[in-house]
Amino acid sequence: MTISSPQGSNSTGNERVGKIDSRPDRNTHNGEPVKIHDPEEVSLEDMMASVRQIILGVGEDPDREGLLKTPKRVAESMRFLTSGYNQSLDDIINGAIFDEGHNEMVLVRDINFFSMCEHHMLPFMGRAHVAYIPNQKVVGLSKLARIVDMYSRRMQVQERLTRQVAEALQEVLEPKGVAVVMEASHMCMVMRGVQKPGAWTVTSAMLGAFQEDQRTREEFLNLIRHQPGAF
Ligand SMILES: Nc1nc2c(ncn2[C@@H]2O[C@H](COP(=O)(O)OP(=O)(O)OP(=O)(O)O)[C@@H](O)[C@H]2O)c(=O)[nH]1
Ligand SMILES: [Zn+2]
């Protein structure tokens, strides 16, 4: 197993290959694609008016000084926290696929992510571990984290988020296998509801060799268990 550099500094044969099928609306419900409307169809002012209603709904005064700008701040935060709807795989990969002839496992672990649960619109956050076994082609390492960010910045359930990251990598690289594990704490289970701080939800998506070959899967699971040295 090798954790490779995407720059492939020893190779003279680095070239960008492949064209990515961009599907910014690759969200699914029961396996079917869901059409996502353009967020701009609802104006920031409409969103601000809704936030004002929420402020009234919790018994506060939206016209007191500290809350005057809150509807705008919240609307803008929401736009940022869901900005993954406006991105596509094409945007993110930006052609950074290299024909390295590298066929060993590549793993980027401990990728921090922040997402929003679609049931309560509260954050869930944690770490993602993303691995693949190349089939000649490798992708820039930062792009693995960017893929995690793109799907995280949408209204999500953790299981779908995990699967989408794996499927995106499968689509981009057609590798021999993909493994994604996400460990997260859900604020809807911590701050409200069942109120269980310290409970971690762990989800995985294994494709190809990681699904079929137990040794490959175990190698990956051992690597994400091991604590790397601190910098
Ligand atoms: N499978 C899954 N469930 C999630 C995720 N995020 C939140 N949930 C759950 O979604 C469920 C929604 O349940 P409901 O009974 O409709 O809502 P609720 O009354 O607010 O539920 P409680 O959280 O139990 O108070 C809860 O069990 C949440 O824990 C996720 O990423 N994946
Ligand atoms: Zn929730």
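Being a predicted model, the structure only gives us computed values, none of them experimental. (Residues numbered from 1 in each chain as written. Chains lettered and ligands numbered in written order. Predicted model: local features only at pLDDT ≥ 70, side-chain atom pairs only at ≥ 80, totals over all residues. Heavy atoms only, no water.)

The next subject is the domain arrangement of the protein. Parsing the protein into structural domains produces domain 1 (39–81) and domain 2 (91–225). Here the C-alpha centre of domain 2 lies 32 Å away from the C-alpha centre of domain 1. (Domains from an automatic or database assignment.)

Between its first and last C-alpha, helix α4 (residues 141–152) extends 18 Å over twelve residues, near the 16 Å set by a 1.5 Å rise per residue. Those residues of α4 that sit buried are K143, L144, I147, V148, M150, Y151 and S152. (Helix = DSSP H or I, 4+ residues; strand = E, 2+ residues; numbered from the N terminus. Expected span 1.5 Å × (residues − 1). Buried < 20%, exposed > 50% of the residue type's maximum accessible area, 1.4 Å probe, protein only.)

As a further point, take the nonpolar core. As a rule of thumb, nonpolar side chains are buried together in soluble globular proteins. Counting residues in hydrophobic clusters, the biggest one holds 35 residues, and the most contacted among them are Y132, I147 and L169. If you list the elements that add at least two residues to this core, you get α3 (89–93), β3 (97–102), β4 (106–117), β5 (123–133), β6 (136–139), α4, α5 (158–173) and β8 (177–186). For L169, the residues in contact, after removing those within four places along its chain, are V130, A131, Y132, V139, L144, I147, E174, P175 and V178. Membership of the second largest hydrophobic core comes to eleven residues, among which are L107, A179, M206 and I224. (Core = buried A, V, L, I, M, F, W, Y, C linked by side-chain atoms within 4.5 Å. Contact = heavy atoms within 4.5 Å.)

What follows is about the pattern of salt bridges. With the rule as written, the count across this model stands at eight salt bridges. Here R52 makes a salt bridge to D63, at a shortest N to O gap of 3.1 Å. Taken together, the residues R52 in helix α1 (residues 44–57) and D63 in the loop between α1 and α2 (70–81) connect sequence positions eleven residues apart. Residue classification places R52 among the partly exposed residues on the basis of a relative accessible area of 32%. Of the residues examined, D63 reaches a relative accessible area of 46% and is grouped as partly exposed. Notably, a salt bridge pairs R127 with D110, separated by 3.6 Å at the nearest N-O pair. Of this pair, R127 sits in strand β5 while D110 is found in strand β4, placing the two residues 17 residues apart along the sequence. The class for R127 is partly exposed, based on a relative accessible area of 31%. Residue D110 is classed as partly exposed on the basis of its relative accessible area of 26%. (Salt bridge = Lys/Arg side-chain N within 4 Å of Asp/Glu carboxyl O.)

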